[in-house]
Amino acid sequence: MSVATRGRPHQGSGTLASRLSEALRQSIAGGQYPPGSKLPSEAQLGEAHGVSRTVVREAIAALRSDRLVEARQGAGVFVLDLPSGTTGAGLSIENVDHARVSSVIEFLELRTAVEVEAAGLAALRRSPAQEEVIIDCHYAVQACLEAGRPSSEADFSLHLAIAEATNNPRFRDFLSMIGKSVIPRAALRNEESEEDQAAYIRLLTEEHDAIVSAISTGDEDTAREAMRRHLRGSQSRYRALLRGQRQFVR
């Protein structure tokens, strides 16, 4: 699937560039483009992923800022040796069973430690363009929830956009490393009543709205607290799920 066809059809170039840069990171980490190899041209990448050359340039710029690639005058863009600790195995967390509720809770605790600060920094440092991407992603999550479509990819894009808005690439690298599997919304959805699902949609929308509003108004303390409340709320919901599962163990 091309980058352009994922999520909402009308997305800002920043969102598409983030997704393309992440796709290229994964390709580099997975060995599709080993160190010393040349990336496809802007035209080839644009055609392969269904995006404009502007989006490709933004994605390549993100890779260059992380010293994953370098542009050589008249020759193209080449992959550099991966920095220490960012080998293909290091870009993903291998020993986590995402089907286990306890693993989901562990991830949520880890995310809380990082993303609370990311929200505060995003409130301080976001550019108007980054703020627009955050808002677009927020509405994309709402659209998925209201339509009953899977929302994990749109949700991850929102959190990634907030990480981008810190203008510290390490926050984005952290989320990219563990991937959209950190958004744990699939568990037991089919067993919930329509009323429960509607209540969850309202709650998630309110939590996201509080985060986005605080970032948009530049209120770093409120942004941190809203993100903390959101992620700790997720922890509480999954701990309740864990207790419910254990009730049936004899």
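Structure: above.
This report concerns the structure included in the present document. (Residues numbered from 1 in each chain as written. Predicted model: local features only at pLDDT ≥ 70, side-chain atom pairs only at ≥ 80, totals over all residues. Heavy atoms only, no water.)

**Describing the pattern of salt bridges**
As a reminder, the rule being used: In the sections that follow, a salt bridge refers to a side-chain nitrogen of Lys or Arg positioned within 4 Å of a carboxyl oxygen of Asp or Glu. The buried label applies to any residue whose accessible area, calculated with a 1.4 Å probe on protein chains only, is under 20% of its type's maximum; exposed applies above 50%, and partly exposed to all values in between. Only runs of H or I of at least four residues qualify as helices and only runs of E of at least two qualify as strands under DSSP, and these elements are numbered from the N terminus.
Within this structure, the stated rule accounts for 12 salt bridges. A salt bridge links E70 to R72; the nearest nitrogen and oxygen atoms lie 2.8 Å apart. Under the relative-accessibility criterion, E70 is labelled partly exposed at 31%. Given a relative accessible area of 36%, R72 falls into the partly exposed group. R228 is the salt-bridge partner of E225, the closest N and O atoms lying 3.0 Å from each other. With E225 and R228 both in helix α9 (residues 220-246) and 3 residues apart, the pair spans about one turn of that helix. Take E225: its relative accessible area is 37%, and that puts it in the partly exposed class. Since its relative accessible area comes to 25%, R228 is described here as partly exposed. Ionic contacts of the salt-bridge type, sharing partners, join the residues E117, E220, D221 and R224 into one network.

**Brief notes about the environment of L203**
With respect to the helices and strands, L203 occurs in helix α8 (residues 194-216). The spatial distance from the C-alpha of L203 to the C-alpha of G233 is 9.7 Å, given a sequence separation of 30 residues.

**Here's the deal with the packing of helix α6 (residues 152-164) against helix α7 (residues 169-178)**
As a reminder, the rule being used: To get an axis, fit a line to the C-alpha atoms, keeping to the stretch in contact for a helix; angles then go from 0 to 180 degrees between the N-to-C directions. In what follows, roughly perpendicular refers to angles from 65 to 115 degrees, roughly parallel to angles under 35, roughly antiparallel to angles over 145, and oblique to any angle outside these ranges. Crossing handedness: left-handed means the near helix sits turned counterclockwise from the far one by under a right angle, and right-handed means the same turn made clockwise. By definition in these notes, contact holds between two residues if any of their heavy atoms fall within 4.5 Å.
Here α6 crosses α7 at 155 degrees, and the two axes come no closer than 7 Å. Accordingly, the angle class assigned to the pair α6 and α7 is roughly antiparallel. Crossing hand, α6 versus α7: left-handed. Side by side, α6 and α7 meet where F156, H159, L160, A163 and E164 of the first sit next to F171, R172, L175 and S176 of the second.

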